[in-house]
Amino acid sequence: MNRTLIELHILQTVPPSNLNRDDTGSPKTAIYGGVRRARVSSQAWKRATRVAFDDQLDRSELGVRTRRVVELLAAAISEHSKDLEDRSIELASEVMKAIGIVVKPPKKDATEEAGYLVFLSRHQIRALAEAAIAAAETEDVPKALREAKVKDLADREHSVDIALFGRMVADQADMNVDAAVQVAHAISVHPVETEFDYFTAVDDHLGDDETGAGMIGTVEFNSSTLYRYATLDVNRLNDNLGDHDATRHAVEAFVASFVRSMPTGKQNTFANRTLPEAVVVLVRDTQPINLVGAFESPVREANTGGRVKRAADALRDEAREVERAYGETPIASWVTRLGSDTAALDDLGSNVAFTDMVAQVGTLVETRLGAPA
């Protein structure tokens with residue numbers, strides 16, 4: 001099977017916003033190229049992508065990540081067998097023990113919890129619930145669960161999000177799933193300064209003779225043109241899912257969701273939701289290549305164009321230089337873009353509408369998965 005690596009290079013401008021906060025409430029930043037840049041963590045955009053999967057995938061294709069895994073499994077047991085509702089927590093706890101996942105003693109008015117987030121597909125949850133129900137009819141529940149090999153049940157039929165983003169099981173390393181997707185921290189292509197919005201709120205119930213604000217405060221924000229990057233290893237994804245059709249479906253869902261998603265930090269305050277000015281998809285068979293070096297020298301506005309134009313030109317030039325110097329020619333490429341400022345990116349691939357881009361990437365994946373190595 002041919003190796004297939006899909007890269008997404010995205011330029012996206014956001015107005016005043018606070019997409020991703022640090023522990024003090026300030027927008028996250030990073031020093032790159034000697035200047036401070038706006039930053040949105042990879043975790044924040046992966047979470048936004050997973051949420052966006054709800055619009056692309058059926059619920060049965062997605063997983064659940066929670067510390068309250070005993071409660072989650074107990075609910076599935078009760079749903080499948082009302083007669084076992086009173087024993088569901090006990091049975092769910094026994095299943096976790098049989099798998100080897102350590103759960104902490106319950107707090108007051110709560111169920112046992114794992115010491116970390118446990119990621120299970122809904123198919124795995126259903127299979128574990130069915131094993132628990134069958135074991136409940138025996139005299140030795142722990143023995144029945146061991147014989148049912150519940151650990152194996154929790155390590156097959158992975159959901160799309162587990163197959164894409166991976167899974168770590170601290171107590172059972174052999175259940176770990178290697179991620180097929182890598183997501184970079186998005187950074188601004190230019191320097192930024194954090195600004196402060198001083199606001200007041202009026203108390204509607206004040207009398208006519210009372211003055212002053214009911215509340216005052218500040219919110220930190222910045223605005224930026226971001227370079228976003230992610231890469232998807234189609235072969236690893238196919239190994240995780242074990243099915244060509246499922247892999248194509250997952251690739252299309254990821255491309256659509258990652259491009260269109262946005263972290264929701266302070267969204268009600270700033271109404272900052274935008275779509276990218278440009279999306280470039282490059283497919284390689286060698287290694288993934290982050291083109292962030294295009295912006296090591298910060299982009300500055302000029303009379304001949306704003307940040308987006310200069311960023312598009314820089315991204316095009318970097319991609320060309322990588323191809324010239326290292327012979328890294330993509331095996332396929334597409335561009336979806338807005339306006340004339342991003343015209344330079346047409347040099348990197350076929351200019352298509354985004355829905356066509358997603359479909360054509362899916363077709364390429366299907367072809368490459370079926371091709372001999």
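Quantities reported herein were computed from a predicted structural model and do not represent experimental measurements. Each chain carries its own residue numbering, running from 1 in the written order of its sequence. Selection of residues for local features in this predicted model requires a pLDDT of at least 70, selection of side-chain atom pairs for listing and counting requires 80 or more, and totals for whole chains, interfaces and linings are taken over all residues. As a rule here, side-chain values come from all non-hydrogen atoms in the structure, and water together with hydrogens is ignored.

Some thoughts on helix H11 (residues 307-326)
Argument step 1. Taking 1.5 Å of rise per residue, the 20 residues of H11 would be expected to cover 28 Å, and the 28 Å separating its terminal C-alpha atoms lies within 8% of that figure.
Argument step 2. Burial classes: relative accessible area under 20% of the type maximum marks a residue as buried, over 50% as exposed, and values in between as partly exposed (1.4 Å probe, protein chains only). Helix and strand assignments follow DSSP, with helices taken as H or I runs no shorter than four residues and strands as E runs no shorter than two, numbered in order from the N terminus. Burial in H11 covers these residues: Val308, Ala311, Ala312, Ala314, Leu315, Arg316, Ala319 and Val322.
Argument step 3. Packing partners of the buried residues in H11 comprise strand E1 (5-17) and strand E11 (215-233).
Argument step 4. Of the residues trailing H11, Gly327 is marked for its positive phi of about 70 degrees. By this rule the span expected of a helix is its residue count minus one, scaled by 1.5 Å. Residue contacts are counted whenever heavy atoms from the two residues lie within 4.5 Å of one another.

Describing the nonpolar core
Argument step 1. Take the buried Ala, Val, Leu, Ile, Met, Phe, Trp, Tyr and Cys residues and link them wherever side-chain atoms come within 4.5 Å; each set so joined is a nonpolar core. Counting 50 residues, the largest nonpolar core has Ile6 and Phe254 as its most contacted members.
Argument step 2. By residue number, the principal contributor to this core is helix H9 (residues 244-260), which donates 8 residues.
Argument step 3. Among all residues touching Phe254, those that are not within four sequence positions of it are Leu8, Thr49, Phe53, Leu164, Phe165, Val181, Ala230 and Leu232.
Argument step 4. Membership of the second largest hydrophobic core comes to 36 residues, among which are Ala74, Ala132, Ala136 and Met175.

Re the packing of aromatic side chains
Argument step 1. Within 6.5 Å between ring centres, the rings of Phe, Tyr and Trp (the latter by its six-membered ring) count as paired, and their orientation is classed by plane angle as stacked under 30 degrees, edge-to-face over 60, tilted in between. Counted by the stated rule, this structure contains 5 aromatic pairs.
Argument step 2. Judged by centre distance (5.3 Å) and plane angle (50 degrees), the ring pair of Tyr227 and Phe295 falls under tilted. Of this pair, Tyr227 sits in strand E11 while Phe295 sits in the loop between strand E12 (278-284) and H11, placing them 68 residues apart in sequence. Accessibility classification places Tyr227 together with Phe295 in one group, the buried group.
Argument step 3. Clustering of aromatic rings is evident, with ring pairs tying together Phe53, Phe165, Phe254 and Phe258.
Argument step 4. For a ring to carry a charge above it, either NZ of a lysine or CZ of an arginine must fall within 6 Å of the ring centroid while also lying within 35 degrees of the normal to the ring plane. The ring of Phe119 is capped by Arg65, whose NZ or CZ atom sits 5.9 Å from the centre of that ring.
Argument step 5. The ring of Phe258 carries the charged tip of Arg228 above its face, separated from the ring centre by 4.5 Å.

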